[in-house]
Amino acid sequence: MTPEHRALIERIRSSAAVVRRAVEAAPPGRFGLAPRAGEWSARETLTHLRDVVVHVYGLRIRRLLYEDAPVFADFDEEGYRPASLARGETIEYLLDTIAGEHEQLARLLQGLPDADWSRQGRHPQFGIMSIEFLARRVGEHAEEHANQIAEATRTP
């Protein structure tokens, strides 16, 4: 395994912890507050992160492991997120799902031969996506949203 691939796997694992720390640092009750104008609430951001890591990055990486040159469909996040929010999932459940998916992806990638990191699929709108690209986005995306959660839950 190359040092770059090892670093991507470590970032996947550590970024789940970054999200957990951002959530745990929030003052009590902050996840129940309405968002500022034009922003998502912290709960919406956490729900979005869970949905995307499972239904976008996780699914696409798995398809690349088992299919040759798949075509990736769009994820209807605008339709899915409200349904997820309506289920009333707890913050802890969302965190556990994010951490679990990150750990599963890290384990799947850990044994991947270096040559397979370049396996690619295509999204009709976003173009070519490799396992390496998607693995990088798992960690980046989680860290981006951890920062947004921290901002949304900061005491005004």
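The structure displayed is predicted, hence computed values, not measured ones.

Analysis parameters
- Residues numbered from 1 in each chain as written.
- Predicted model: local features only at pLDDT ≥ 70, side-chain atom pairs only at ≥ 80, totals over all residues.
- Heavy atoms only, no water.
- Helix = DSSP H or I, 4+ residues; strand = E, 2+ residues; numbered from the N terminus.
- Rg over C-alpha atoms; globule rule 2.2 N^0.38 Å.
- Contact = heavy atoms within 4.5 Å.
- Areas by Shrake-Rupley, 256 points an atom, 1.4 Å probe, with all protein chains shown as cover.
- Lys, Arg positive; Asp, Glu negative; His and termini not counted.
- Charge placed at Lys NZ, Arg CZ, Asp CG, Glu CD.
- Expected span 1.5 Å × (residues − 1).
- Buried < 20%, exposed > 50% of the residue type's maximum accessible area, 1.4 Å probe, protein only.
- Pairing = 2+ DSSP bridges.
- Core = buried A, V, L, I, M, F, W, Y, C linked by side-chain atoms within 4.5 Å.
- Arc of directions from axis to C-beta.
- Axes fitted to C-alpha atoms, helices over the stretch in contact; angles between N-to-C directions.
- Parallel < 35°, antiparallel > 145°, perpendicular 65-115°, else oblique.
- Left-handed = near helix turned anticlockwise from the far one by under 90°.
- Nonpolar A, V, L, I, M, F, W, Y, C, P; charged D, E, K, R; others polar.

(A) How the structure looks around the overall build of the protein chain. Looking only at helices and strands, the protein chain has five helices and two strands in total. Each helix and strand of the protein chain, placed in order from N terminus to C terminus, yields the pattern α-α-α-α-β-β-α. Against the globule reference of 15 Å for 156 residues, the protein chain gives a C-alpha radius of gyration of 16 Å, in line with a compact fold. Each principal axis of the C-alpha distribution contributes one length, and for the protein chain these read about 50 × 30 × 25 Å. Look at the contacts in the protein chain between residues 6 or more apart in sequence, and 80% of them connect residues 24 or more apart. Accessible surface computed for the protein chain: about 8,100 Å², of which carbon and sulfur atoms make up 54%. Here the protein chain contributes 20 positively and 24 negatively charged side chains, and the mean placements of these two sets differ by 2 Å.

(B) Summary view of helix α1 (residues 3–24). Compared with the 32 Å implied by 1.5 Å per residue over 22 residues, the 31 Å span of α1 between its first and last C-alpha is a close match. Within the sequence span of α1, burial applies to His 5, Leu 8, Ile 9, Ile 12, Ser 15, Ala 16, Val 19, Ala 22 and Val 23. Close packing links the buried residues of α1 with α2 (42–66), α4 (91–110) and α5 (131–153).

(C) Broad picture of the pairing of strand β1 (residues 120–123). Along β1, the buried face is formed by Gly 121 and His 123; none of Gln 120 and Arg 122, which line the opposite face, is buried. Bridge count for β1 against strand β2 (residues 127–130) is four bridges, and the pairing is antiparallel. In the strand pairing of β2, Arg 122 is matched with Ile 128. Where β1 hands over to β2, the hairpin turn is made up of three residues, counted between the paired strands.

(D) Seen up close, the side chain of Ser 130. Its location among the elements puts Ser 130 in strand β2. When neighbours within four sequence positions are excluded, Ser 130 is seen to be in contact with Leu 64, Trp 117, Ser 118, Arg 119 and Gln 120.

(E) Spotlight on the nonpolar core. In terms of nonpolar packing, the biggest core is built from 21 residues, with Ile 61, Leu 109, Trp 117, Ile 131 and Val 138 touching the most fellow members. When contributions to this core are tallied by element, the ones reaching two or more residues are α1, α2, α4 and α5. It is α2 that provides the largest number of residues to this core, a total of seven residues. If near-sequence neighbours (up to four positions away) are discounted, Trp 117 is found in contact with His 5, Leu 8, Ile 9, Leu 109, Leu 112, Ser 130, Ile 131, Glu 132 and Ala 135. In this structure, Ala 22, Ala 42, Leu 46 and Ala 146 belong to the second largest nonpolar core, which totals 16 residues.

(F) Representation of α4 in the model. In a regular helix each residue adds 1.5 Å, so 20 residues correspond to 28 Å; α4 covers 28 Å between its end C-alpha atoms and thus fits that length. Within the sequence span of α4, burial applies to Ile 91, Leu 94, Leu 95, Ile 98, Glu 101, His 102, Leu 105, Ala 106 and Leu 109. Projected down its long axis, α4 shows its buried positions confined to an angular sector of 135°, all on one face. On its buried face, α4 sits against α1, α2 and α5.

(G) The arrangement of the packing of α2 against α4 in detail. Running from amino to carboxyl end, α2 crosses α4 at an angle of 20°, the nearest separation of the two axes being 10 Å. Comparing their axes, α4 and α2 come out roughly parallel. For the pair α2 and α4, the crossing hand works out as left-handed. Contacts between α2 and α4 involve Arg 43, Leu 46, Thr 47, Leu 49, Arg 50, Val 53, Val 54, Gly 58, Ile 61, Arg 62, Leu 65 and Tyr 66 from the former and Ile 91, Tyr 93, Leu 94, Leu 95, Thr 97, Ile 98, Glu 101, His 102, Gln 104, Leu 105, Leu 108 and Leu 109 from the latter. In the contact of α2 with α4, the residues fall into 15 nonpolar, five polar and four charged.

(H) Representation of the packing of α4 against α5 within the structure. Remark: α4 packs on α5, axes separated minimally by 12 Å, with the N-to-C direction vectors making an angle of 150°. Regarding the angle of α4 to α5, the classification is roughly antiparallel. As α4 runs across α5, the sense of the crossing is left-handed. Contacts between α4 and α5 pair His 102, Leu 105 and Leu 109 from the former with Ile 131, Ala 135, Val 138 and Ala 142 from the latter.

Without other data, these values stay purely geometric and don't point to any function.
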